[in-house]
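Observations on the model geometry
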Amino acid sequence: MEIAFDKNKDGLVPAIIQDHTTKNVLMLGYMNEDAFKKTKETGKVTFYSRSKKRIWQKGEESGNYLKLVAIEIDCDNDTLLISVNPVGPTCHKGSDTCWNKKNDQNFGFLTQLETIISDRKEHSSNEKSYVSSLFKSGINKIAQKVGEEAVETVIEAMDNNDKLFLEESADLLFHYLILLQAKGLKLCDVAYILQSRHSTK
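What you are looking at is a predicted structure, and each value in this text was computed from that prediction instead of being measured.

1. Structural notes on the overall build of the chain
Scanning the chain from N- to C-terminus turns up 6 helices and 6 strands. Computed over its C-alpha atoms, the radius of gyration of the chain comes to 23 Å, more than 25% above the 17 Å expected for a compact globule of 201 residues. With the C-alpha coordinates of the chain rotated into their principal frame, the extents come out at 65 × 40 × 30 Å. The buried share of the chain, reckoned over its 201 residues, is 33%. In the chain, of all internal contacts separated by at least 6 residues, the share reaching a separation of at least 24 is 47%. Carbon and sulfur atoms make up 52% of the accessible area of the chain, which amounts to about 12,800 Å² in all. Taking the 27 positively charged and 29 negatively charged side chains of the chain as two groups, their mean positions are separated by 8 Å.

This is the structure in structure tokens:
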């Protein structure tokens, strides 16, 4: 990996820090050649502090280290993308990221859908909402719906109509997300189990 440390007069290149699991950007730091070498040697991300005028390992005082997973370089060889497993909050102010955002795993539209389902759960007295009515009916009814949708998905899988199969698959996933929240769980909990199984193989 050839890094253009000499591109800037100060010998620094920006290092974007990204959570390996959630893919969220945690912070932006700067590295010189010594900080880069130290990061590779220790497996813990080390920066060059422009205010302290020295290299410093993230977490050397707080214990909130950034454990190195991988390093990538951009097309101009002057910006690093560093994948990490953070230990504790990343920001010195105590938040998960330097943008004061939670470092939660995001599944795009499915995460938005989970938020909507959560809102319907909190307002289960809303008789006009189908989801609210399911929560009001209780977990047995929700589990029953998941079972029904699973059977319908299997039936369509044996046919050649992909459109109907996808529609039933969507119904199954939707009701499964409702069931998860009825159990006090979320999609990230399932993803965690799958990831833990994958890492052991």
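From this point, the discussion proceeds with the structure in view.
2. Considerations on helix H4 (residues 139-157)
The end-to-end C-alpha distance of H4, which contains 19 residues, comes to 27 Å, matching closely the 27 Å that a straight helix rising 1.5 Å per residue would cover. Along H4, the residues that are buried comprise Ile142, Lys145, Val146, Glu149, Thr153 and Glu156. Considered in projection along H4, the buried side chains sweep an arc of 100° and stay on one side of the axis. H4 presents Asn140 and Ile155 as exposed residues on the side facing more than 90 degrees away from its buried surface.

3. Here's the deal with the environment of Tyr192
Summarising the element assignment, Tyr192 is placed in helix H6 (residues 187-199). Sequence separation between Tyr192 and Gln105 is 87 residues, and the spatial gap between their C-alpha atoms is 9.8 Å.

4. Let's talk about the pairing of strand S4 (residues 54-57)
Within a regular strand, the side chains alternate between the two sheet faces. With 4 bridges joining them, strand S3 (residues 46-49) and S4 adopt antiparallel strand pairing. Bridging from a neighbouring strand, Thr46 pairs with Gln57 of S4. Remark: 4 residues form the turn of the hairpin made by S3 and S4, two consecutive strands paired antiparallel; Lys53 in that turn has positive phi of roughly 60°.

5. A word on a nonpolar patch on the surface
On the surface, Val25, Leu28 and Trp99 cluster together into a nonpolar patch covering about 290 Å² of accessible area. Among the structural elements, Leu28 can be located in strand S2 (residues 25-31). A relative accessible area of 44% places Leu28 in the partly exposed class.

6. Considerations on the nonpolar core
One finds Ile17, Met31, Val45, Phe47, Leu66, Leu80 and Ile82 to be the most contacted residues of the largest nonpolar core, which totals 18 residues. For this core, the secondary-structure elements that each account for two or more residues are strand S1 (13-19), S2, helix H1 (33-42), strand S5 (66-73) and strand S6 (80-86). With 12 residues, the next largest nonpolar core counts Phe135, Leu177, Ile178 and Leu180 among its residues.

7. Some words on the packing of aromatic side chains
To describe a pair of aromatic rings, one takes the distance between the centres and the angle between the planes. Taken as a whole, this structure holds 2 aromatic pairs when the rule is applied. Ring plane angle 40° and centroid distance 5.6 Å describe the contact between Phe47 and Trp56, whose orientation is recorded as tilted. If you follow Lys44 out to its NZ or CZ, it ends over the ring of Tyr65, 3.9 Å from the centre. Just above the ring of Trp56 sits the side chain of Lys52; from NZ or CZ to the centre is 5.6 Å.

Reading the values: the criteria
- Residues numbered from 1 in each chain as written.
- Predicted model: local features only at pLDDT ≥ 70, side-chain atom pairs only at ≥ 80, totals over all residues.
- Heavy atoms only, no water.
- Helix = DSSP H or I, 4+ residues; strand = E, 2+ residues; numbered from the N terminus.
- Rg over C-alpha atoms; globule rule 2.2 N^0.38 Å.
- Buried < 20%, exposed > 50% of the residue type's maximum accessible area, 1.4 Å probe, protein only.
- Contact = heavy atoms within 4.5 Å.
- Areas by Shrake-Rupley, 256 points an atom, 1.4 Å probe, with all protein chains shown as cover.
- Lys, Arg positive; Asp, Glu negative; His and termini not counted.
- Charge placed at Lys NZ, Arg CZ, Asp CG, Glu CD.
- Expected span 1.5 Å × (residues − 1).
- Arc of directions from axis to C-beta.
- Pairing = 2+ DSSP bridges.
- Patch = residues over 30% accessible without salt bridge, like charges linked within 9 Å, V, L, I, M, F, W, Y side chains within 5 Å.
- Salt bridge = Lys/Arg side-chain N within 4 Å of Asp/Glu carboxyl O.
- Core = buried A, V, L, I, M, F, W, Y, C linked by side-chain atoms within 4.5 Å.
- Phe/Tyr/Trp six-rings, centres within 6.5 Å; stacked < 30°, edge-to-face > 60°.
- Lys NZ or Arg CZ within 6 Å of the ring centre and 35° of its normal.

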